[in-house]
Amino acid sequence: MTDLHPDLARVLLSPDVIQSRIKEIARQIEGDYADAECVVLIGILKGAFIFLSDLSRELKIPHTVDFISVSSYGDSAVSNGAVRLILDLRKPIKNEHVIIVEDIVDTGNTLEYLYRTLKWRNPASLRTCTLFQKERESKDVPVDYLGFELPDVWVVGYGLDYADTHRTLPYVAELKAEVYG
Ligand code: PRP
């Protein structure tokens, strides 16, 4: 790609590759929920909003969307893994078929916290969907739908950011180490 931003080392996933994997995930979800009256997709802000919007528009089964936002305690360099809720869902999920939609699982702290928190609210079913997962050890949390595994480097684009930049790139790229080092 000739117009790669100077902060970026290389493209890892092109827009076409990402979009065709999202179509595959949508077909898988449609098959799994063919008998469900409705599904609630819960996007984790902010990173998941791009994936959620593409996945939602691709899904051909009845569904609604809602959002939730969490924050890690402390800055990421000294985080002890604790997560707190900073924006809750608009509606109860009791007896609903719920899919948590995440952009990336890194340590797994966020997804593990949300899975546990939402399970307490007694949904009819609860599954997790993440477009990306880092190739590293993470918390033991079930991932039902996974798009891609990514190397354990700083990645940006398609929802993933560096200090809130590069989030809306249509591809996923590796950030140069000198940018964040
Ligand atoms: C990122 C990403 C995931 C989380 C994954 O969110 O969007 O939600 O980190 O990391 P973990 O598996 O180590 O918990 P971030 O806190 O950067 O917020 P953002 O989505 O608003 O950028």
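Remember, predicted model here, so these are calculated numbers, not experimental data. Just so you know, the residues in each chain are numbered from 1, in the order the chain's sequence is written. Given that this is a predicted model, residues contribute local features only at a pLDDT of at least 70 and side-chain atom pairs are listed and counted only at 80 or more, while totals for whole chains, interfaces and linings are drawn from all residues. The side-chain values count all of the structure's non-hydrogen atoms but skip hydrogen atoms and water molecules.

**Student:** Explain the site of the ligand to me, please; I cannot follow it from the model alone.
**Tutor:** Being near a molecule or strand, for a residue, means having at least one of its heavy atoms within 4 Å of it. Around the ligand there are 14 residues in total, and Glu 102, Asp 103, Thr 107, Gly 108 and Thr 110 lie nearest to it. The term polar contact refers here to a pair of N or O atoms within 3.5 Å; inside protein, the definition further demands a hydrogen-donor-capable atom paired with an acceptor-capable atom, and it admits residues adjacent in sequence only when both atoms are side-chain atoms. At 2.7 Å, a backbone N or O of Gly 108 approaches an oxygen atom of the ligand. The method behind every accessible area is Shrake-Rupley, applied with a 1.4 Å probe, and residues are considered shielded solely by the protein chains displayed. Here the ligand, which alone exposes 500 Å², has 74% of that area covered by the protein. Secondary structure elements are defined from DSSP: runs of H or I of at least 4 residues count as helices, runs of E of at least 2 residues count as strands, and each element is numbered from the N terminus. Of all the elements in the fold, those that place two or more residues in the shell around the ligand are strand 5 (97-105) and helix 3 (109-119).

**Student:** What is the right way to read the environment of Leu 118 from this model?
**Tutor:** For Leu 118, the position within the fold is in helix 3. Relative accessible area decides the class of each residue, using a 1.4 Å probe on protein chains only: under 20% of the type maximum gives buried, over 50% gives exposed, and in between gives partly exposed. Note on Leu 118: relative accessible area 0%, which makes it buried. C-alpha separation for the pair Leu 118 and Val 98, spaced 20 residues apart in sequence, amounts to 9.0 Å. With near-sequence residues (within four places) excluded, Leu 118 lies in contact with Ile 42, Ile 68, Leu 89, Ile 93, Ile 100, Pro 123 and Leu 126. In this description, contact between two residues means that some pair of their heavy atoms is separated by no more than 4.5 Å.

**Student:** I would appreciate a short explanation of the side chain of Asp 103 in the present structure.
**Tutor:** Along the chain, Asp 103 falls in strand 5. Counted charges follow a simple rule, with Lys and Arg positive, Asp and Glu negative, and His plus the chain ends left uncounted. A pairing counts as a salt bridge when a side-chain nitrogen of Lys or Arg comes within 4 Å of a carboxyl oxygen of Asp or Glu. No salt bridge is formed by the buried Asp 103; its nearest oppositely charged neighbour, Arg 167, is found at 5.2 Å. What Asp 103 contacts, discounting residues up to four positions off in sequence, is Gly 47, Ala 48, Thr 130, Leu 131, Phe 132, Gly 159 and Leu 160.

**Student:** Please clarify how the packing of aromatic side chains should be interpreted in this entry.
**Tutor:** Pairs of aromatic rings are described using the distance from one ring centre to the other and the angle between the two planes. Stacked, tilted and edge-to-face pairs are distinguished by plane angle, under 30 degrees for stacked and over 60 for edge-to-face with tilted covering the rest, among Phe, Tyr and Trp rings (Trp via its six-membered ring) whose centres lie within 6.5 Å. Across all of its chains, the model carries three aromatic pairs by this definition. Here the aromatic rings of Trp 154 and Tyr 162 are separated by 5.3 Å at their centres, their planes lie at 85°, and the arrangement is edge-to-face. Ring centres 5.0 Å apart and planes at 40° place the aromatic pair Trp 154 and Tyr 180 in the tilted group. Residue Trp 154 is found in the loop between strand 7 (145-150) and strand 8 (155-156), and its partner Tyr 180 is found in helix 4 (residues 177-180); the two are separated by 26 residues along the sequence. Trp 154 gets classed as partly exposed once you look at its relative accessible area, which sits at 34%. In this structure Tyr 180 comes out as partly exposed when scored by relative accessible area, which is 34%. Taken together, Trp 154, Tyr 162 and Tyr 180 form an aromatic cluster joined through their ring pairs.

**Student:** Just checking my understanding: could you explain the environment of Leu 111 for this structure?
**Tutor:** Within the secondary structure, Leu 111 is located in helix 3. In this structure Leu 111 comes out as buried when scored by relative accessible area, which is 2%. Sequence-wise, Leu 111 and Val 179 are 68 residues apart; in three dimensions their C-alpha atoms are separated by 27 Å. Filtering out sequence-adjacent residues up to four positions away, Leu 111 remains in contact with Ile 100, Val 105, Thr 128, Val 141, Pro 142 and Val 143.

**Student:** Looking at this structure, how should I read the pairing of strand 5?
**Tutor:** Regular strands have side chains that alternate between both faces of the sheet. For strand 5, the tally of buried residues reaches eight of nine residues, placing the bulk of the element in the interior. Think of it this way: DSSP has to see at least two bridges between two strands before they count as a pair. Across five bridges, the pairing between strand 2 (residues 39-45) and strand 5 is parallel. Residue pairing in the sheet places Val 39 in a bridge with His 97 of strand 5. Pairing between strand 5 and strand 6 (residues 125-134): eight bridges, direction parallel. Counted as the bridge partner of Val 105 is Gln 133 from strand 6. A crossover connection joins strand 5 to the parallel strand 6 through helix 3; in handedness this β-α-β unit is right-handed. When the strands point away from the viewer, a crossover counts as right-handed if the path from the first strand over the helix to the second runs clockwise.

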